Every structure is written in C-alpha cells, then in structure tokens.
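What follows is the residue order along each chain.
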Amino acid sequence: EYVVPTDPRVTGLDEVRPPSGVTIVPAGQADEALLRAVDRAIRDEVEASVGWQSMPAEVIARPVGDTVVDPSKYAVAAAPDRYLGLIRVVTVIRPRVGLLAVRAGEQRRGIARALLAHALGTLHRSGYAEAFTEVHESNRPASALFEGIGAQPVSSNLELVR
C-alpha cells in the first residue's frame, strides 16, 4: 500500500497532459456503455496475460458479469471512437485509487500518468492532501509510476498459500 501526495507541485504532475488525440473525461461524465466496454476489454487483457488475481484492485460484491459498480467513480481517457483507459477513485474515509488501467495496445503513451494527474488534481482541489493505493509487488511499471510521483510505501500484505 502506498500513500500518494495529491499536490501537483509535489507529484510533478502539474504540467502533465494527455497525449495527442486523447481527452480525460471526468468522473461521473463517462458514457456508461463505453466505460463498461473498456473495463471488460482491460479485464480480458489482464486475464490473458498476468491474471486478474495479480491486480490489487478492490473487489466489490456485484451482479454476475458486472464489473462496474458505480460509474460515477470512474474518470476515463477517451479517443474519438472509444475509451483507452480508466481510473477509479473512491472516497469513503480516505481517498483510494482502486483501479488504474490502460488498454494493452495504448500503454507507454502517458495515458495512465494523465489519468493519475487528473484524479489526484481533483482530490487536491477538493482538500485532500493524500490518497492511498495498492500495487502488486510484481507490477514494476505501476510501482515506478507511483514512486516517481512521490508515493511512499506505508504497509504491505503477505498471502500464504498452502
């Protein structure tokens, strides 16, 4: 688990913009059908590669086959014809980035960084100094992304499988 600063001057995300042709759609404004489509596509890509069990995303009880519980919690990266990535931030007691993902063919373009800049900036403007997230230790790109903006590890979980 990481604690993540939200101040763009601290994270260095104050000048981050989405890549050309990509816009960030704020939380609560995404087209629900396109949101569900990108969520399903990303989940299928993860299952076909490292497996969803390696993702430290929050698991919420939901109807079978429905993976988007509350569309108002998602901001998305949009191309003219489809969504390319998403970020889910939930604020109950403290803000938590529960999911940050980009379609496999769109990775390494700065989309995740732009989504993170948008979400953390929104939290900062709302008065939150920090957020929390979890990153699986094997996910080096995600660890590098969060550590690169000043996130600090605060705890960890160990699962023993017999």
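Structure: above.
Here is a short report on the structure shown in this document. (Residues numbered from 1 in each chain as written. Predicted model: local features only at pLDDT ≥ 70, side-chain atom pairs only at ≥ 80, totals over all residues. Heavy atoms only, no water.)

## Some remarks on the sheet that holds strand β1 (residues 2-5)
- In space, the 7 strands of this open sheet follow the order β2-β3-β4-β5-β6-β1-β7, with mixed pairing throughout. Two strands bound the open sheet, and with one partner strand each, they are β2 (23-25) and β7 (152-153).
- The sheet contact formed by strand β3 (residues 74-78) and strand β4 (residues 83-91) spans 5 bridges and is antiparallel. In the strand pairing of β4, Ala75 is matched with Ile87.
- Docked against the sheet, helix α3 (residues 111-125) engages β1, β2, β3, β4, β5 (95-102) and β6 (130-133), running at close to 30 degrees with respect to β4. (Pairing = 2+ DSSP bridges. Helix = DSSP H or I, 4+ residues; strand = E, 2+ residues; numbered from the N terminus. Contact = heavy atoms within 4.5 Å. Axes fitted to C-alpha atoms, helices over the stretch in contact; angles between N-to-C directions.)

## Remarks on the pattern of salt bridges
- Applying the stated criterion to the full structure yields 9 salt bridges.
- Across the pair Glu45 and Arg103 runs a salt bridge whose closest N-O atoms are separated by 3.9 Å. Residue Glu45 is located in helix α2 (residues 32-48), and its partner Arg103 is located in the loop between β5 and α3; the two are separated by 58 residues in the primary sequence.
- Close ionic contact of Arg96 with Glu134 constitutes a salt bridge, the shortest N to O distance being 3.6 Å. Here Arg96 is found in strand β5, whereas its partner Glu134 is found in the loop between β6 and α4 (140-148), with 38 residues between them in sequence. (Salt bridge = Lys/Arg side-chain N within 4 Å of Asp/Glu carboxyl O.)

It is worth stressing that arrangement in space is one thing and function is another; only the former is reported here.
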